[in-house]
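Inside the fold
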Amino acid sequence: MWKRLGIFVLNYRLPLLIALFAVTIVMGFFASKVKLSYEFAKAIPTDNPKYREYKSFREKFGDDGNVLVVGVQSDKIFELSTFKAFYHLQQQLKKVNDVEDVLSLPSSVNLQKDSLTEKLNPVKIFSDSLSTQAELDSSKAVFFNLPFYRSLLYNPDSNAYLMGIRINKDSLNSPKRSKIVKDITVVVNNFQKETNIPVHLSGLPLIRTVMADRLQKEMRIFLIGSLLLSAFILLLFFRSFSTMLLSLLVVIMGVIWSLGVLQLCGYKISLLTALTPPLVVVIGIPNCIYFINKYHSSFIGSGDKKGSLVDMVSKMGVVTLFCNISAAIGFAVFGLTKSAVLQEFGIVAGISIMLIFVISFILLPSVLSYLPSPKAAQTRYLNNKLVTGFLLKIEGWVVNHQRTVYAITGAALVFSIAGIFRLNTVAFIVDDLPKTDKIYTDLKFFERNFKGVMPLEIVVDTKKRNGLSGMRALTVFEKVDSLSGFIAAQKDMNRPLSIAEGLKFAKQAFYEGDSANYLLPNSFDGAFVGEYLRPGKKDSSNKNNLTKMLSSFMDSSRQTTRISVSMADVGTKQLPVVLKKIRERIDQLFDSSQYKVQLTGTSITFLEGSTFIISGLKESIFWAFLLISFCMLYLFKSARILICSLIPNLIPLVITAGIMGWMGVPLKPSTVLVFSVALGIAIDITIRFLVNYKQELPVHNNDINLTVAATIKNTGLSIVYTSLVLIAGFIIFCFSSFGGTIALGWLTSVTLLVATITNLVLLPVLLLNTRKASDLKSNL
């Protein structure tokens, strides 16, 4: 069948090439329409309870991840010139497009009791027209007498001060977000230059925007880098510009088709789908090497150009097909998970890998038929003394040192299994960044001075409409205040913000600003304070009224209230411990028959998402093994050969996991991803070796020893060259500034290196011990 397909491609090469380029133009049109994703893909499915709770919270109270924070640390902040610069910074930040509000020291307000109108009126603490140090000192004393702002806007122990910048949530999910963050950064840098006071920026808008923009920029660089590196290796191997350019044309068309598929599937370029084009290059180049290598070796033997091209297609077509199927399976199994981000990546990568086979199968023989016959210099690599000597040594080990091979393999497995027991599953929101990166160091600044900026939300539902109205609400807020005190005492959590804090602020104002009365109203003074908090007809729309602020912490039905907490990025291992403590305290304070209390927010969805992705990736490894096993069983029709083929590919995964354990590399989404990807690519080597072994058997009268030796010599050359391309292609990811991308690069390279060794050494040893050549029953 494959011989007939080869003849068909050569006979209809011109129409096929025209069709191929026409489809590429169409796919290029769709590729030009693809857009970047500015929404962070859901790591957990929409029917997940945690996601539903988070969605319900956002519908009631708005987004919790749209605040960017600015921090400074200086004992000169209350010097007049410095304070004016700080005030000017706040004014400039408010002018940035899509910045909705800035909460800071210069804009802080105090509440003044108006006995005539029985209202608490907000009054700015720091006048816009401050002109003397004495005025500033007076306002400073008022500010420090207000416990409401302590730990929220300043840390009295470290002279650290914070600004909260609220950004329009719709703009954060659009292309405008990069410009917003850039404009804020420019304003902040100007303040730093003017005052020589270091400024720190953090918050989810900054972290997400900068990391996404940086990673997408890196992916473009890596795509170009992988193309250039592949071009160099191809030129080094084949000594032919035409062969190099032809191979590059194959992968460039593959990249265009992959982007077209992305658009046709209705997806956008996300942090994961951005990996597809470089992966297409890495996987497409080996296709070219195997096809061209077979063409050259056949041509040397026969001298017949057309016959050699037909032989290339007939011998390598089925091998490459099953190799690409196995590689596609390694990615496509992600589509079986319920995580949208993994599904998109798996579907696009799986389809793209199969399409690169179609491109290779048509383009290579068709274009090679138009090119001149290969010259002696272009086939000299087939007799490379260095590689040939290396393969002869492998042959010697396979034939003469089988026990040693088993012993070394066993020792490596024992070492690796010991390392696996040291594996740790943990992820942080910014753990992919170097410890010296400014995003990381700035986040640590806020964790040291304000216990972090990661949002955690607690929603208290009274299960009754108007359950938070009147004097009965005091009972609820007493519980809220008690819970807030417990949370504030935790090492990695700041004092929460809630209506309880607002009521304490109001009571202090009611008692003429005495800080000793920063307490919750009790049953005695609650009625009096409540009168001052009730909005009148004239000021009901006043945006500065305290009740306006408090309304963002209570839903319209006065049934549900929120407690907002800023916490450190403690990681997925420590976070459940912290949440368990809070849940236990909640259960002590709130009777479940009267209240429903939920923990939600970005910190919760991050924990749930990381756990869900890791679980999905582990499951995908199982499915990849199962589906690849079916492919191998169909291809070779032998359970014994199936076992022989899987062992050399299971061992590299075990060794890689062991290395991770010994080196302290944790299991997280970016590292678990390696195993399915590497398995799908590494099995290619096994398929090519075994198919060639099967094809060589009749030539050597079913003599297994001679067949194994011939297979090592004939296929080993292509395997070595291809492995070098694959390893080099993934090594380029090690130049990333993100730990996850670096891990993907070096861990996959290690896995492929070990897989190359096990397939060239252990697999032949296993074949020599399987006795009967008749195990291979295939009609290939």
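Coordinates for the structure precede this section.
None of these values were measured; they are calculated from a predicted model.

1. Here's the deal with the overall build of the protein
Counting its secondary structure elements, the protein contains 25 helices and 10 strands. Overall, the C-alpha framework of the protein stretches about 110 × 50 × 45 Å when taken along its three principal axes. Restricting to contacts in the protein with at least 6 residues of sequence separation, those with at least 24 account for 79%. Accessible surface, the protein: about 33,600 Å² in total, of which carbon and sulfur atoms supply 59%. The positive charge centre, built from 81 side chains, and the negative charge centre, built from 53, are 10 Å apart in the protein.

2. Details of the packing of aromatic side chains
One pass over the structure, following the stated rule, counts 31 aromatic pairs. Note on phenylalanine 322 and tyrosine 634: the rings are 6.1 Å apart at their centroids and 25° apart in plane angle, and the pair reads as stacked. Of this pair, phenylalanine 322 sits in helix H11 (residues 305-332) while tyrosine 634 is found in helix H21 (residues 602-636), placing the two residues 312 residues apart along the sequence. According to the relative accessible area criterion, phenylalanine 322 is buried, its value standing at 10%. For the pair phenylalanine 415 and tryptophan 662, a centre-to-centre distance of 5.3 Å together with 15° between the ring planes defines the contact as stacked. Highlighted residues: phenylalanine 415 in helix H14 (residues 402-420) and tryptophan 662 in helix H22 (residues 639-663), separated in sequence by 247 residues. For phenylalanine 415, a relative accessible area of 47% gives the class partly exposed. An aromatic cluster of at least three residues, connected via ring pairs, comprises Phe78, Phe83, Phe126, Phe143, Phe144, Phe148, Tyr149, Tyr154, Tyr161 and Phe505. Sitting over the face of the ring of phenylalanine 510, lysine 113 holds its NZ or CZ atom 4.3 Å from the ring centroid. When the ring centre of phenylalanine 553 is taken as reference, the NZ or CZ atom of arginine 562 above it lies at 4.9 Å.

3. Examining the environment of leucine 245
In this fold, leucine 245 is placed in helix H9 (residues 241-264). Taking the relative accessible area as the measure of exposure, leucine 245 reaches 51% and is therefore exposed.

Scoring rules and cut-offs
Residues numbered from 1 in each chain as written. Predicted model: local features only at pLDDT ≥ 70, side-chain atom pairs only at ≥ 80, totals over all residues. Heavy atoms only, no water. Helix = DSSP H or I, 4+ residues; strand = E, 2+ residues; numbered from the N terminus. Contact = heavy atoms within 4.5 Å. Areas by Shrake-Rupley, 256 points an atom, 1.4 Å probe, with all protein chains shown as cover. Lys, Arg positive; Asp, Glu negative; His and termini not counted. Charge placed at Lys NZ, Arg CZ, Asp CG, Glu CD. Phe/Tyr/Trp six-rings, centres within 6.5 Å; stacked < 30°, edge-to-face > 60°. Buried < 20%, exposed > 50% of the residue type's maximum accessible area, 1.4 Å probe, protein only. Lys NZ or Arg CZ within 6 Å of the ring centre and 35° of its normal.

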